[in-house]
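The residues making up each chain are set out below.
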Amino acid sequence: MPLRVQILLYDGVEEQDFIGPRDVLGHAESAGGPIRTTLVRPSAPGEVTGFFGTRVTVPAAWEPTDTDLLIVPGGGDQLINDPDVLRDLVRAQQAGVIVAGVCTGVMVLSAAGLTKGRPCTTHHLAKADLAAQGGKVIDARVVDDGDLVTAGGVTSGIDLALWMITRECGASIAMSVESIMEYEQRGVVWRSS
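A quick note: this is a predicted structure, and the numbers were derived from the prediction, not measured. (Residues numbered from 1 in each chain as written. Predicted model: local features only at pLDDT ≥ 70, side-chain atom pairs only at ≥ 80, totals over all residues. Heavy atoms only, no water.)

**Description of the pairing of strand β1 (residues 3-8)**
Most of β1 is tucked away: six of the six residues are buried. Residues L3, V5 and I7 point to one face of β1 and R4, Q6 and L8 to the other, with burial holding for every one of them. Here β1 runs beside strand β2 (residues 35-41); their pairing, made up of six bridges, is parallel. Bridge assignment links Q6 to a residue of β2, and that residue is T38. (Buried < 20%, exposed > 50% of the residue type's maximum accessible area, 1.4 Å probe, protein only. Helix = DSSP H or I, 4+ residues; strand = E, 2+ residues; numbered from the N terminus. Pairing = 2+ DSSP bridges.)

**Let's talk about the pattern of salt bridges**
Taken as a whole, this structure holds twelve salt bridges when the rule is applied. R55 is paired through a salt bridge with E47; the nearest N and O atoms lie 3.9 Å apart. For the salt bridge of R167 with D144, the shortest nitrogen-to-oxygen distance reads 2.9 Å. With a gap of 23 residues between them, R167 in helix α5 (residues 156-169) and D144 in strand β10 (residues 142-144) connect regions that are remote in the sequence. (Salt bridge = Lys/Arg side-chain N within 4 Å of Asp/Glu carboxyl O.)

**Let's talk about the environment of H123**
Summarising the element assignment, H123 is placed in the loop between β8 (119-120) and α4 (127-132). Measuring from C-alpha to C-alpha, the distance between H123 and V106 comes to 8.6 Å, with 17 residues separating the pair along the chain. For H123, the residues in contact, after removing those within four places along its chain, are C103, T104, G152 and G153. From its side chain, H123 meets the backbone nitrogen of L125 in a polar contact 3.0 Å long. (Contact = heavy atoms within 4.5 Å. Polar contact = N/O pair within 3.5 Å; in protein donor to acceptor, adjacent residues only side chain to side chain.)

**Side note on the UniProt feature "domain: DJ-1/PfpI" (unreviewed entry) in the protein**
In this numbering, the UniProt entry assigns the feature "domain: DJ-1/PfpI" (unreviewed entry) to residues 4-165. With 31% helix and 26% strand, residues 4-165 has its two end C-alpha atoms placed 12 Å apart. (UniProt positions renumbered as here; feature names shortened; annotations may be inferred.)

**Concerning the side chain of R4**
Along the chain, the position of R4 falls in strand β1. For R4, the contacting residues outside a window of four places in its chain are R36, D66, T67, D68 and L69.

**What to know about the sheet that holds strand β7 (residues 98-102)**
Taken together, eight strands build an open sheet; the order of strands is β5-β2-β1-β6-β7-β11-β10-β12 and the sheet is mixed. Looking at strand neighbours, the two that pair on one side only are β5 (60-61) and β12 (189-191), the edges of this open sheet. In this sheet, β7 lies alongside strand β6 (residues 69-72) in parallel orientation, the contact comprising four bridges. Pairing of L70 across the sheet is with V99, part of β7. Most of the contacts of helix α1 (residues 15-30) go to β2, to which it runs at about 155°, and overall it touches β1, β2, β6 and β7. (Axes fitted to C-alpha atoms, helices over the stretch in contact; angles between N-to-C directions.)

See below:
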């Protein structure tokens, strides 16, 4: 069975937050990793416009329990104020989906209550807000707490994706991706025991 990954896109999404992980996952699949990645929208397939105006056609609607790993990139706060999205995030995690947040995408997870009392990280400018909302903020680029994996600002989404490849598919695939991308993972991944 391939690792099924969904990346949740929406208007205002920070481009690097989703394209970095998408690139890593695509290279991992090309290197023989058992991965299938799908870009999804909360309501239906369609176009989204990123934070810097990039338009992306999203081929599928988000099915919260029909994946193994969900990546929520940061950007605007549209998702924070969407009760259906927040409810579906909880539903996904309760169904056994690994929920991952990149940058301020972690604040969406926080709004859903998924970070309360749990080790997590986010963009350095949002760490105080994350702590105020009950997250146990760890000063690390990637924090792995089992079914909740979070990453700091923007480019750390690349490290999050490389870590998930290492964790779920093995170090050899991750090393192959690093070689193809001419990139090395930054920092130590903080893991709960």
